[in-house]
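# A structural walkthrough
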Amino acid sequence: MTLRIEILGSLRAYRGQAELDLGPAQQRSVLAVLALAEGRCAPMSELVDILWGERSPATAVNVLHTYVKRLRRILEPDRPSRVASRLLPRVGDGYLLSTDEVEVDLWEFRALARQGGGHDRVRRAVALWRGRPLAELRPLAGHPLLAGLTQELIVALETFAESAVLNGHAVDVLPLAEEIGRMAPLDERVHSVLIELYLATGRRAEALMHYRDISRRLDEELGVRPGAQLAAAHELALHADTLQPGKQQAAKPQAGRQPVAPGWGRLPVPAQLPPDISDFSGRLGQLSALSRILGSPADGRTAMPTAVVTGLGGVGKTTLAVHLGHLLRENFPDGQLFVDLHGTDRPAADPAAVLHRLLMSMGVNGSVIPKELDDRVALYRSRMAGRRVLLVLDNAVEEGQVRPLLPGAATCATVVTSRSRLMGLSGAHRLDLGVFTADEAMDVLVHLIGEQRVRGEGDAARAILEACGHIPLAVRVAGARLAAQPHLSLERFRRQLSDERRRLDHLSAGDLAVRATFGLSYDALPPAVRRAFRVLGLLDVADFADWTLAALMDEPQEQAERLLDQLIDVQLVSVADEDETGEPRYRMHDLIKLYAAERAALEDDEAAREEARVRAYATWLSLAEQADTELAYRTLPALRGPAPRRRLPAEHTGLLLDDPVKWFQSERANLAVVITQSAREGRADLAWNLAEACVGFHEMRDLLEESQAVHAVAMAACGEDVPRGRAVMARNLAYLLSVPMIQPLAMHEHAQIALDLFRSVGDVRGEIHALAMLGTAVLAEGHGEEGLELMHLAQRLTGEHGHDAGFDFVHAGLGFTYRERGELELASAHLERVVERARDRKVNRLHLTALRSLGMVRHYQGRYDESREALLQGLRLSRSLGVRLKELLALVVLGESGVLTGQPDAGSFLDTAEELSEEMAGEITRAIVSRSLATRDLVNGHFEQARERLLFSLRVFRELGVLHLQAMVLKALGIAHVMLGENAQALAAWEEARGLYGRIGNRHEMEEIETLVAGATG
């Protein structure tokens, strides 16, 4: 059924003949903007700006996602929930309305206008018109998007009107022209067309009256006289008594007649804007905001609007200001002034000299221009009074340079561009200009080197733009180099840019050079600020807190904050956001960081650079270890070693670590980077201690792969030279390989390495831990007696040396072992000891594991109430700590045992577990949940679904080598096969399960399987 959206009038949408309810005004406005864009992606920033402007709430992006989600439900009611939208797809950082999935009246109108005149096309275009477009949507009122649409309509009207007049159908177009005239009451083109149409339909009196009306409006509202086109239309009207209706010719300016400069009498009208660029891309949100600030009607305004556009060098501030100036030319008919204030590339322009040039451009004779600055300012502002002039001050260095150049007239407007934020300009609207979006950067590259070349090497093109950091100057330099070398493949250029040491060398073309642009900002900095800039290039981290700079420089916190403020002011550092602890985070653009590293290598010796890095690493280590001791959840006892540690002042540390989990979350990415960087630089001592300090947080937040990765890096860095560090890393890796379930072979390998190394350095605590984990791995491999022997050895060492650090490992392992062997009383005794000891300790994984295992043992014993209580306690603790993996495992056991005992909430536990496993997106957790869902399927008679779930779980558990879970799945799979009449498959599954239970030593389960086999074959 056809979906149609109409915006040439109020917004409407139809599916077939049925009109759709599109929801509230802001939601409707989102759809309207996407329809206006006609297949172009509208970035989130643009949509936020349109709906809320400068007052956007913190939740704006989330609200937008909600609006789009609702629109999808309305417009695509038949789309399955997990199938991507084809109508309103997410593209990059925005959305678009697909031109393939919907009809839009504006798109049809545009197509007809492109095809030109012709009576049929004119008639069809006019028929689409229902009134002023989107007038009911207040969020769009006065927005440049609608202003742009008005201009589109005017151009189309001129085309349609000319055809209609020539073909004798002017009456068909007249209602459309009158409506557009009301939309653009001061646009002379529209009203010239209207006069022609009145004449062509024999309504000369209305044509003359309309000319008087528009002339009066122009005089009263703008203080200008009619221009050439309108005057020519009036001339036609005056002599229309000699012409026949239907044969009227289009009004043209008379030969030799020049337009009168409106409002300036005989004074010149300066038009000093540099040429606009043909490939200007994106920046719609910024243009929209600036247009509203500068282009609004001056009536009732008492202060001149001023906009300050700031941003790092090469981000396109001047390009944006010039493009904006060209867009707003009609709003400023008395002239557009442009001045380069040379804020970076040469001695800054003197305001007095600038005023001299401005006054001369406005017709003031040089001989009468005063010498004193104050007198020049007074004369300049007098000349600007009552005028509508746009002033663009480019590349300003500081506020004192700008203030004398600001007109005093509220009818004028000023745009200032600067690398500094110019906070001293009171009342100015500030726009911090960022880098291109990915789509904007790609548009520019396509324009520079051609769509075919980009399409042929799309991946390389995207990688080049990433290497440029989407900085407009860098993108243009890359495009210029590629355009100058048409035989250079994009892939080869990508490889050149991938070498960070020479990337800035390759980003140079003619007089365009990224390095030189950054150098202008750097050279203007005071020495202390230059040093701060250089040391920030020494770290690989993506963002940082202010204490990081203090550590790098070995300076007090307050001094680091002052230096950061200066770097922020000149756009060499930006404020990224607040972190979890409420502290601001700072960021340095990738290309700027490369330049900072270059300057550091040139100006600071290697020893100074290393000392700075080590101070930073040592501060991270000290904070991480202090945060780790405050965590409410950690299983592995901490084993630390010698390494530099640098403590922050106690009061600052207290603020940062008030919530240790939030601090870890804020520094999570940086800690991984620092471990890798310190390992690469040969600082294994720092690398392994940092990894050890993070393991509790990683465990608490289920960051298992991340933790394994940094431990592997640190372990490799230790090599043979740091045996204890290598032992601790191997111990931790063995432990991590037991979560969420034991991976026996890999766990065995690392536990054995740890055991050998701990023994070689005489570390008994480490040896106890390694023995407990080695025993657990051996037991899981099906070597019960050997595993029990290892665990008992660990237990003896604990008693002999007074260490109880391995106690919980040993008893949890023994409880797990005896549970899987079916020796429930022994299992219960060991698990109860772990739970009892945990009451006076931090909650850890072994406590939660013991509660879950104890719940399972109680279930097997038929003590269902006690089972449920233990499982619910584990669930509550997991949720209170935010340990999602333990929450999922508790839900699985609660759901499965509840299904088997008829608990009414069993289904909700399993459903929640399934949702959580989807969020966690891991195959192991999905396999765990799938096995329990299969139990529910078997109870409910859904045998085919149960079989498929069990086969999936079996594949995963076989790959991991987890014997007890393979046996459980095979037992259940045999039942599913029997219920489906697949007895041969059932017997094969049970035979394999019986063999596994034999290796584990579970005679009870072996007997149960023999009973099942007898029932199936009897």
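Up top is the structure these notes are about.
First things first, this report covers the structure right here in the doc. (Residues numbered from 1 in each chain as written. Predicted model: local features only at pLDDT ≥ 70, side-chain atom pairs only at ≥ 80, totals over all residues. Heavy atoms only, no water.)

### Thoughts on the overall build of the protein chain
Selection criterion: A run of H or I in DSSP counts as a helix once it spans at least four residues, and a run of E counts as a strand once it spans at least two, with each numbered from the N terminus. We call a residue buried when its accessible area falls under 20% of the maximum for its residue type, exposed when it is over 50%, and partly exposed in between, using a 1.4 Å probe and counting protein chains only. Note on contacts: a residue pair qualifies if any of its non-hydrogen atoms lie within 4.5 Å across the two residues. Using a 1.4 Å probe, the Shrake-Rupley method yields the accessible areas, and only the shown protein chains count as cover for residues. Two residue types count as positive, namely Lys and Arg, and two as negative, namely Asp and Glu; His and chain ends fall outside the count. We put the charge of a Lys on NZ, of an Arg on CZ, of an Asp on CG and of a Glu on CD.
On a plain count of helices and strands, the protein chain comes out with 46 helices and 16 strands. Summarising its shape, the C-alpha atoms of the protein chain cover approximately 115 × 75 × 55 Å along the three principal directions. Within the protein chain, the fraction of its 1018 residues that count as buried is 55%. Taking the intrachain contacts of the protein chain between residues at least 6 apart in sequence as the baseline, contacts between residues at least 24 apart amount to 68%. By element, 50% of the accessible surface of the protein chain is carried by carbon and sulfur atoms, the whole surface being about 43,500 Å². Computing the positive centroid from 117 side-chain charges and the negative centroid from 139, the protein chain places the two 4 Å apart.

### What to know about the side chain of R388
Note the cut-off: The term polar contact refers here to a pair of N or O atoms within 3.5 Å; inside protein, the definition further demands a hydrogen-donor-capable atom paired with an acceptor-capable atom, and it admits residues adjacent in sequence only when both atoms are side-chain atoms.
Note on placement: R388 falls in the loop between α14 (373-384) and β9 (390-396). Among the polar contacts made by the side chain of R388, one reaches the main-chain carbonyl oxygen of N331 at a distance of 3.1 Å.

### Considering a negative patch on the surface
To keep it simple, the criterion reads: Like-charged residues are merged into a patch within 9 Å and nonpolar side chains (Val, Leu, Ile, Met, Phe, Trp, Tyr) within 5 Å, provided each residue has over 30% relative accessible area and no salt bridge. For this document, the term salt bridge refers to a Lys or Arg side-chain nitrogen within 4 Å of an Asp or Glu carboxyl oxygen.
On the surface, E558, E561, D565 and E651 cluster together to form a negatively charged patch. In terms of residue count, the dominant contributor to the negative patch is helix α25 (residues 557-569) (3 residues). Take E558: it is sitting in helix α25. A residue is classified by how much of its surface remains accessible, and E558, at 48% relative accessible area, is partly exposed.

### Description of the environment of M1006
Within the fold, M1006 resides in helix α46 (residues 1003-1017). For the pair formed by M1006 and R994, sequence separation is 12 residues and the distance between their alpha carbons is 5.4 Å. Once residues within four sequence positions are removed from consideration, M1006 is found in contact with R994, Y997 and G998.

### A few points about the sheet that holds strand β2 (residues 12-15)
The criterion, for reference: Only strands joined by at least two bridges in the DSSP assignment are considered to pair.
Sheet architecture is open: 4 strands sit in the order β3-β2-β1-β6, paired in mixed fashion. Either end of the sheet is taken by a strand with one partner, and the two such strands are β3 (18-19) and β6 (103-104). Of the pairings in the sheet, the one linking β2 to β3 comprises 2 bridges and is antiparallel in character. The partner of R15 across the bridge, within β3, is A18.

### Notes on the packing of aromatic side chains
Each aromatic ring pair is specified by the distance between its two centres and by the angle formed by the two planes. Worth spelling out the cut-off: Only Phe, Tyr and Trp rings take part, Trp by its six-membered ring, and two of them pair if their centres are within 6.5 Å. Stacked means planes under 30 degrees apart, edge-to-face means over 60, and tilted covers everything else. In this scheme, the term charge over a ring applies when either NZ of a lysine or CZ of an arginine sits within 6 Å of the ring centre and within 35 degrees of the ring normal.
All told, the structure shown has 8 aromatic pairs when counted by the stated rule. Summarising the aromatic geometry, the rings of F664 and F697 are spaced 5.0 Å apart at their centres and angled 10° between planes, so their arrangement reads as stacked. In this pair, F664 is assigned in helix α29 (residues 660-680) and F697 in helix α30 (residues 684-700), connecting sequence segments 33 residues apart. For the residue pair F664 and F697, the accessibility class agrees, reading buried in each case. Of the aromatic side chains, those joined through ring pairs into one cluster are F518, Y522, F533 and Y595. Here the basic side chain of R90 rests over the ring of Y95, its NZ or CZ set 5.5 Å away from the ring centre.

### What about the environment of T66?
Structurally, the position occupied by T66 is in helix α3 (residues 60-75). With relative accessibility at 32%, the residue T66 sits in the partly exposed group.

### Some words on the pairing of strand β8 (residues 336-340)
Within β8, 4 of the 5 residues are buried, which leaves it mostly tucked inside the rest of the structure. Where β8 and β9 come together, 5 bridges link them in parallel fashion. Residue pairing in the sheet places Q336 in a bridge with L390 of β9.

### A word on α29
How we decide: Bending is quantified residue by residue as the angle between axes fitted to the seven-residue window ending at that residue and the seven-residue window starting at it.
Helix geometry: α29 is bent most strongly at E667, by close to 60°. At the N-terminal boundary of α29, the capping side chain belongs to D659, with an oxygen 3.1 Å from the backbone nitrogen of V661. Remark: G682 follows α29 within two positions and exhibits a positive phi of approximately 85°.

### Considerations on helix α20 (residues 490-498)
Note that an α-helix has 3.6 residues per turn; residues three or four places apart therefore point the same way. Note the cut-off: Directions pointing from the helix axis toward each C-beta atom define the arc.
Every buried residue of α20 is listed here: L490, F493 and L497. Buried residues in α20, looked at end-on, bunch into an arc of 65°, giving them a common side. Here the buried face of α20 lies against α16 (438-449), α17 (451-456), α18 (458-467), α19 (472-484) and α21 (503-506).

### Describing the pattern of salt bridges
Side chains bearing opposite charge may pair, as long as their charged atoms lie close to each other. One pass over the structure, following the stated rule, counts 61 salt bridges. A salt bridge links R585 to D543; its shortest N-O distance comes to 3.1 Å. One end of the pair, R585, is in strand β16 (residues 584-587); the other, D543, is in strand β14 (residues 543-544), and 42 residues separate them in sequence. Judged by its relative accessible area of 4%, R585 falls in the buried class. We note a salt bridge from R884 to E919, for which the minimum N-O separation is 3.5 Å. Here E919 lies in helix α41 (residues 906-920) and R884 lies in helix α40 (residues 884-901), a separation of 35 residues in the sequence. We classify E919 as exposed; its relative accessible area is 55%. Connected through shared salt-bridge partners, R4, E6, E103 and E108 make up one network.

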